[in-house]
Structures are given as C-alpha cells and as structure tokens.
Amino acid sequence: MMTDTKASNTMSQTDTHPQSTEQTRLTDLPILFKSLHIDTLPNDVQTKIARVDACLPQTQCGLCEHPDGCLPYATAIVLKGEPYNKCVPGGQPVTDAIAQTIGIDTHLTAAPSQWPIDMTSGRPTEVRAVIREDDCIGCTKCIPACPVDAIVGTGKHMHTIFTDLCTGCELCIAPCPVDCIDLVIVERELSPFERVAEQEDLRQRYHTHLKRVTEQLADTSNSKPVVSMVEAKLNNATSQSLNISEAQAKNTIAAAKLRTKIKKLEKQLSVRANDKKQMELEGLQAELDALQAVL
Ligand code: SF4
Ligand code: SF4
Ligand code: SF4
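Fair warning: this is a prediction, and the values are worked out from it, not measured in the lab.

Peer 1: Help me get a handle on helix H8 (residues 275-294), residues and values and all.
Peer 2: An α-helix turns once per 3.6 residues; consequently, residues spaced three or four apart project the same way. In this model, H8 (20 residues) spans 29 Å end to end at C-alpha, consistent with the 28 Å of a helix rising 1.5 Å per residue. Counting buried residues along H8, only 1 of its 20 residues qualify, which leaves the element largely exposed.

Spelled out as structure tokens, the structure:
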C-alpha cells in the first residue's frame, strides 16, 4: 500500500486550470470529440451533457465501453439513453449522481469493479501504476497508452510513472511486454471540493494530451526523443513522410486505444476462458481491422 500526496496538492495543481463552467466545458474540444457534434446540439442538451460529464471521474479508462473516455460516455447517456451505471471507477456514488442529474428515479446498481469498495468513498478502491524500474527494458510501449502523460522515458531507457499524475486507469498494463508495471492501492480521502478540482485537472490534462498528440501527428519534422504516442509512431516510421488529416489523427488515437483493450482482454482470456469477453474481443478486433483499413 502507499499513501498519495495528490489530495493535499490538488489545489496547487489545479491553480493553473480555471474551473470550467457548463458554458465553457464543451468549448474548444480536441479533434477526437468532433464526431460527437456537440456544438450542433440545442443549449439545454449541451448543458445536460456537461452536467453528466461533470459527475464522471475523468479517469478516461474506457471501462464504460467508451475507449475515448468520459465525455463520449456522457454524450451517449444523454443522447442515446445509454445506461448510466457503466462507470466502473466511479461506482455507486457516480451512478447515483448521474441519475439525480438527469432526473431518473429508477435505481441502477453500478457496474462491478475488480477492486473492493472503499468504505469511505463508496467507490472502488483507487490504484496507481508503478514501474519496476529494474525490470523495465525501455521499449516505450506504455507511453502511448497513458491518457494523461504520466509516464516519462526515452527509447531503450528506464521509464518512470509520476504517481501524482497517474489516475490508475490501468491502460499501460497490457502493452508492457515484460509485465513490469504494478498497481498499488492508494488510500486517501477527498472532500467534494477536492474531488471536483481533481476531475477538472484530469479532464484538462487529457485534453492537453489529445491536442498535443494531434499536433505531433501532423508534424513531419520530428527528431525528438520518444516521449509520446505520436513520437513513438514517428520514430517507427523513420524516413516515412506522414501527411495526417484530422480524421487520420482521430483514427490513430482510436486504434491505439483499441489495441490496448484487445491486449488486456487477450491477457485476461489467457488466464481464464470467458464467452462474453471472447465475443467482446472479437468485436474489438473487427473494429480495429476496420480502422486499420482506413489508416
Ligand atoms: S472514468 Fe472510465 S469508466 Fe468512468 S466514464 Fe470515464 S472512461 Fe468511462
Ligand atoms: S501511468 Fe498507467 S495507470 Fe497511470 S494514468 Fe498512465 S496509463 Fe493510466
Ligand atoms: S512498456 Fe514496460 S518495459 Fe516498456 S517502457 Fe513501459 S514499463 Fe518499460
């Protein structure tokens, strides 16, 4: 177990990020979210999406079956009536908060987590990723998986995770070829105010990550060390000249996330057969094949 300093320094981290309001939350979104067409929706619908998104933890883990993160899930709840109990790290408190926000009386039980419920928060126990640095081979495969740029390192050199920046989304675990990333339990208590501030910080960092990835995808003059998904892609592409459109940038990010989910499922299925997960795997593989065909 470890303790986390995040709760105590949350406010200093967020000082650089002004709190978003319902009016500003959905403006200047990364390209990844353009296909949601949120800006074309009536104001009251946008407000509802913003409110539901504000309930979500902003871990961007994709466990709600939205690999692009919390905002697409919030949008699907409001526009498509998708069940509002699918946020795994949010647990019952988030499920109940969404029900209240969208004015639904029926009770849904939150989707189960592999982690036990923390009796203080009522949410699944929080974890953070830690790299066993002696075992790390510096392959860089974990870097593109991290939605909040919490991993630093260069090719062939040991990598490190900034625990204070890690959300515990677990997306870096599956890509590691030598299984040198551990998850450690974090015990902490957040006040409602700190929770809101932290979610805003995570949301901003994810958006910053997506915007930087998009810019770097369009940059054909890369000569920097490998520190991100796009740089890894460009590094592998060596002399290949990339001319990447907005759609390609979005598809590349989506494909990377699908690959991570597929590897995670493959790993789970190699331990124990599960028909539902096998079907999910086949669906994701088909989705990835379709994306790769247009990349
Ligand atoms: S925290 Fe994860 S499961 Fe919850 S809404 Fe965001 S992406 Fe989905
Ligand atoms: S370091 Fe790993 S667990 Fe932590 S936020 Fe990044 S991808 Fe998620
Ligand atoms: S994927 Fe694993 S071995 Fe490769 S850089 Fe990351 S932690 Fe190190």
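There's more to say after this.
Peer 1: An account of the site of ligand 2 is requested, with residue identities and associated values reported.
Peer 2: Close contacts around ligand 2 come from 14 residues, with Ala-129, Cys-146, Cys-166, Cys-169 and Cys-172 the closest. Of the residues assigned to the shell around ligand 2, the class counts are 11 nonpolar, 2 polar and 1 charged.

Peer 1: I'd like a rundown of the UniProt feature "coiled-coil region" (unreviewed entry) in the chain, residues and numbers included.
Peer 2: The UniProt record marks residues 255-294 with the feature "coiled-coil region" (unreviewed entry), using the residue numbering of this structure. With 92% helix and 0% strand, the stretch residues 255-294 has end C-alpha atoms that lie 11 Å from each other.

Peer 1: Before we move on, can you summarise the nonpolar core with the specific residues and values?
Peer 2: If you look at soluble globular proteins, the nonpolar side chains tend to sit buried side by side. Membership of the largest hydrophobic core comes to 44 residues, with the highest contact counts inside it found for Ala-74, Ile-77, Cys-142, Cys-146 and Cys-172. Counting only elements with at least two residues in this core, the list comes to helix H2 (43-55), helix H3 (70-80), helix H4 (91-102) and helix H5 (192-218). Look past the residues within four positions of Cys-172 in its chain and what remains in contact with it is Ala-129, Cys-142, Ala-145, Cys-146, Ile-151 and Ile-181.

Peer 1: So what about H3? Which residues, and what values?
Peer 2: Of all 11 residues that make up H3, 9 are buried, and the element is covered over most of its length. Of all the residues in H3, the buried ones are Cys-70, Leu-71, Pro-72, Tyr-73, Ala-74, Thr-75, Ala-76, Ile-77 and Val-78. Buried positions along H3 lie against H2 and H4. A positive backbone phi angle near 65 degrees is found at Gly-81, which sits one or two residues after H3.

Peer 1: For the packing of H2 against H3, give the residues involved together with the corresponding values.
Peer 2: Orientation of H2 relative to H3, taken along the N-to-C sense of each, is 130 degrees, at an axis distance of 9 Å. In terms of axis orientation, H2 runs oblique to H3. Remark: the crossing between H2 and H3 carries right-handed chirality. Mapping the contact onto sequence places Val-45, Lys-48, Ile-49, Val-52 and Asp-53 in H2 and Cys-70, Leu-71, Ala-74, Thr-75, Ile-77 and Val-78 in H3. Across the contact of H2 with H3, the residue classes break down as 8 nonpolar, 1 polar and 2 charged.

Conventions used here
- Residues numbered from 1 in each chain as written.
- Chains lettered and ligands numbered in written order.
- Predicted model: local features only at pLDDT ≥ 70, side-chain atom pairs only at ≥ 80, totals over all residues.
- Helix = DSSP H or I, 4+ residues; strand = E, 2+ residues; numbered from the N terminus.
- Expected span 1.5 Å × (residues − 1).
- Buried ≥ 20, exposed ≤ 12 C-beta atoms within 10 Å, placed from the backbone.
- Near = placed C-beta within 6 Å.
- Nonpolar A, V, L, I, M, F, W, Y, C, P; charged D, E, K, R; others polar.
- UniProt positions renumbered as here; feature names shortened; annotations may be inferred.
- Core = buried A, V, L, I, M, F, W, Y, C linked by C-beta atoms within 7 Å.
- Contact = placed C-beta atoms within 7 Å.
- Axes fitted to C-alpha atoms, helices over the stretch in contact; angles between N-to-C directions.
- Parallel < 35°, antiparallel > 145°, perpendicular 65-115°, else oblique.
- Left-handed = near helix turned anticlockwise from the far one by under 90°.

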